[in-house]
Amino acid sequence: PLRASHLSRSSVAASAAVPGRSNLAVRIAGIGSAAPDAVVSNNDLESFVETSDEWISKRTGIRKRHLLAHGAAISDLSIASAKEALESAGVAAED
């Protein structure tokens, strides 16, 4: 893997010489995603809000939303997503 310590000053300086260009090769090595398990559909909302699936989806395109569990944090999803991305890339977290 390319690390900051592998970069020479000359390669960094050269990339700055041409605006919008870089000599550094970049690629997406892996991807990951995570979403809360709890799902609320527009039909679920109809039971406690005066609305309908048709009204919401026509105006917003939203048909369902995922709700974070009480006591959970966005960072929990971030960690799960990062672990999945590392696994997808075949890279250990220690690297």
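Residues numbered from 1 in each chain as written. Predicted model: local features only at pLDDT ≥ 70, side-chain atom pairs only at ≥ 80, totals over all residues. Heavy atoms only, no water.

Enquirer: Account for the overall build of the chain, naming residues and giving values.
Expert: For the chain, the count of helices and strands is four helices and two strands. In the chain, which comprises 95 residues, the proportion classed as buried is 12%. Looking at the chain alone, contacts between residues at least 24 apart form 53% of all its contacts between residues at least 6 apart. Of the accessible surface of the chain, which amounts to about 7800 Å², a share of 56% is contributed by carbon and sulfur atoms. (Helix = DSSP H or I, 4+ residues; strand = E, 2+ residues; numbered from the N terminus. Buried < 20%, exposed > 50% of the residue type's maximum accessible area, 1.4 Å probe, protein only. Contact = heavy atoms within 4.5 Å. Areas by Shrake-Rupley, 256 points an atom, 1.4 Å probe, with all protein chains shown as cover.)

Enquirer: Help me get a handle on the environment of Ser57, residues and values and all.
Expert: Locating Ser57 in the fold gives a position in helix H3 (residues 53–60). On a C-alpha basis, the gap between Ser57 and Asn42 in space is 7.9 Å, while along the polypeptide they are 15 residues apart. Beyond its immediate stretch of four places on either side in the chain, Ser57 contacts Asn42, Ile62 and Arg63. In this structure the side chain of Ser57 is engaged in a polar contact, spanning 3.4 Å, whose partner is the backbone oxygen of Glu54. (Polar contact = N/O pair within 3.5 Å; in protein donor to acceptor, adjacent residues only side chain to side chain.)

Enquirer: Could you give an account of the confidence of the model for the chain, naming the residues involved and the relevant values?
Expert: Looking at the chain as a whole, the pLDDT averages 85, with 82% of positions reaching at least 70. Least confident of the elements in the chain is helix H1 (residues 9–17), whose mean pLDDT is 52; most confident is helix H4 (residues 74–89), at 96. This model gives residues 1–8 a pLDDT under 50, and the stretch forms six contacts once residues within four places in sequence are excluded. (pLDDT = per-residue confidence, 0-100.)

Enquirer: Help me get a handle on the side chain of Ser81, residues and values and all.
Expert: On the secondary structure map, Ser81 appears in helix H4. A polar contact of 3.1 Å, which involves the side chain of Ser81, links it to the backbone oxygen of Gly32. If sequence neighbours within four positions are ignored, Ser81 has contacts with Gly32, Ser33 and Ala34.

Enquirer: Please set out H4 residue by residue, giving values where relevant.
Expert: An α-helical segment advances 3.6 residues per turn. Residues three or four places apart therefore align on the same side. The terminal C-alpha atoms of H4, which comprises 16 residues, lie 23 Å apart, in line with the 22 Å expected from a rise of 1.5 Å per residue. Residues of H4 that are buried include every one of Leu77, Ser81 and Ala85, and no others. The arc that holds the buried residues of H4, viewed along the axis, is 70°, so those residues lie on one side. More than 90 degrees from the buried face of H4, the exposed residues found are Lys83 and Glu87. (Expected span 1.5 Å × (residues − 1). Arc of directions from axis to C-beta.)

Enquirer: Can you explain the pattern of salt bridges? Please cite residues and give values.
Expert: This structure, assessed with the given rule, holds one salt bridge. In this structure, Asp53 and Arg63 form a salt bridge, with 3.3 Å as the shortest nitrogen-oxygen distance. You can see Asp53 sitting in helix H3 and its partner Arg63 sitting in the loop between H3 and strand S2 (64–67), a full ten residues away along the chain. (Salt bridge = Lys/Arg side-chain N within 4 Å of Asp/Glu carboxyl O.)

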